[in-house]
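# An overview of the molecular structure
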Amino acid sequence: WDGSSACQPTTNLIFYRLFMANNEKTIMAQLSKMDINLNFVSLTRLNGVIAYQIGETDAESPTLLIEKKRFLPLLFCYRMTADSGSKMVAVQFDDYRKLREGWYPYKVICSTENEIMESHSIHNLQVNMPIEYSLVRIHEEKRPYIQDVQKEKDPLQEENIRELINILKE
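Quick summary incoming for the structure in this document.

Basis of the calculations
Here, residues in each chain are numbered from 1, in the same order as that chain's written sequence. Reporting in this predicted model follows two pLDDT cut-offs: at least 70 for local features of residues, and 80 or more for side-chain atom pairs to be given and counted; totals over whole chains, interfaces and linings ignore these cut-offs and use all residues. Only hydrogens and water are removed before side-chain values are computed, so all heavy atoms of the structure are retained for them. Secondary structure elements follow DSSP: runs of H or I of four or more residues count as helices, runs of E of two or more count as strands, with numbering from the N terminus. Using a 1.4 Å probe on the protein chains alone, a residue whose accessible area is under 20% of its type maximum counts as buried, one over 50% counts as exposed, and one in between counts as partly exposed. In what follows, a contact means two residues having at least one pair of non-hydrogen atoms within 4.5 Å. What makes a nonpolar core is a set of buried Ala, Val, Leu, Ile, Met, Phe, Trp, Tyr and Cys residues whose side-chain atoms join them at distances within 4.5 Å. Each pair of aromatic rings taken from Phe, Tyr and Trp, with Trp reduced to its six-membered ring, is defined by centres within 6.5 Å and is described as stacked if the planes are under 30 degrees apart, edge-to-face if over 60, and tilted in the remaining cases. The rule for a charge over a ring is simple: NZ of Lys or CZ of Arg within 6 Å of the ring centre, and within 35 degrees of the ring normal. Just to be clear on terms, a salt bridge is a Lys or Arg side-chain nitrogen sitting within 4 Å of an Asp or Glu carboxyl oxygen. Polar contacts, as used here, are pairs of N or O atoms within 3.5 Å; protein pairs need one atom able to donate a hydrogen and one able to accept it. Residues neighboring in sequence count only if both atoms are side-chain atoms.

The helix and strand tally for the protein chain stands at five helices and eight strands. If you list the helices and strands of the protein chain from N to C, you get β-α-α-β-β-β-β-β-β-β-α-α-α. Across the 170 residues in the protein chain, those meeting the buried criterion constitute 26%. Considering only intrachain contacts with a sequence separation of at least 6, the fraction spanning at least 24 residues in the protein chain is 32%.

Residues Phe-15, Leu-64, Phe-76, Tyr-78, Val-91 and Phe-93 are the most contacted members of the largest nonpolar core, which totals 28 residues. Elements represented by at least two residues in this core include exactly β3 (49-54), β4 (63-67), β5 (73-82), β6 (85-99) and β7 (102-112). Those residues in contact with Phe-15 that lie beyond four places of it in its chain are Phe-76, Tyr-78, Val-91, Phe-93, Val-108 and Cys-110.

Next up on the list: the packing of aromatic side chains. How two aromatic rings sit relative to each other is set out by the distance from centre to centre and by the angle between their planes. Applying the stated criterion across every chain yields a total of two aromatic pairs. With centroids separated by 5.1 Å and ring planes inclined at 35°, the aromatic side chains of Phe-76 and Tyr-78 adopt a geometry described as tilted. The exposure classification of Phe-76 matches that of Tyr-78, with both residues buried. Note that Arg-70 overlies the ring of Trp-103, its terminal NZ or CZ placed 4.5 Å from the centroid. Over the ring of Tyr-106 we find Arg-97, and its NZ or CZ is 4.1 Å from the ring centre.

With phi around 65°, Asp-35 is a residue other than glycine that occupies positive phi space. Even without glycine at this site, Asn-47 takes up a positive phi of about 50°. The topology assignment puts Asn-47 in the loop between β2 (41-46) and β3.

Under the defined criterion, the tally for this structure stands at three salt bridges. A salt bridge links Arg-79 to Asp-35; its shortest N-O distance comes to 3.6 Å. Of this pair, Arg-79 sits in strand β5 while Asp-35 is found in the loop between α2 (24-33) and β2, placing the two residues 44 residues apart along the sequence. Of the residues examined, Arg-79 reaches a relative accessible area of 38% and is grouped as partly exposed. Owing to a relative accessible area of 52%, Asp-35 belongs among the exposed residues under this scheme. The shortest N-O distance in the salt bridge between Arg-97 and Asp-95 comes to 2.8 Å.

In this section: the environment of Leu-18. Mapped onto the elements, Leu-18 comes out in helix α1 (residues 16-20). The buried category is assigned to Leu-18, whose relative accessible area is 18%.

On to the side chain of Ser-61. Relative to the helices and strands, Ser-61 is located in the loop between β3 and β4. A residue is classified by how much of its surface remains accessible, and Ser-61, at 13% relative accessible area, is buried. Separated by 2.8 Å, the side chains of Ser-61 and Asp-58 make a polar contact.

For Thr-44, the position within the fold is in strand β2. Residue classification places Thr-44 among the partly exposed positions, given a relative accessible area of 25%. A sequence separation of 23 residues divides Thr-44 from Glu-67, and the C-alpha atoms of the two residues are 9.5 Å apart. Residues within four places of Thr-44 in sequence aside, it is in contact with Val-49, Ile-50, Ala-51, Gln-53 and Leu-65.

Structure representation (structure tokens):
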């Protein structure tokens, strides 16, 4: 991302882990670790958009709002612990755009108690392109060093290794 920040960047960007997780088990474990009650799911609205709310409905409880239509995260509220105690952080994902097979939030706003901590905007996004196999293939003629090392074994070193193995067996 290219980020424009309203305040100093926070060091607690734990919500990125949700985007990096690649399976349901990892995501559920992360949400549970952040005290989101996974057994409590309800419907709500955020700026007129119908969403699933995962977690308790009171303002002091961590929660995750997922858009019902496209199943995209809209709002993620969690406790951030710092030297001064614990405070609720709200991360709002907005301006989703479809690119290839995925949807990406072009605007992310992190705030606490009506104070914006960070505001990120994506200006340019490129989806990771697969690398052509021909670019990563190692040709046999480019690996002589590996083959030479395997041929040049030190007989004395081999004997020391055999002795060490026998000692360990005994």
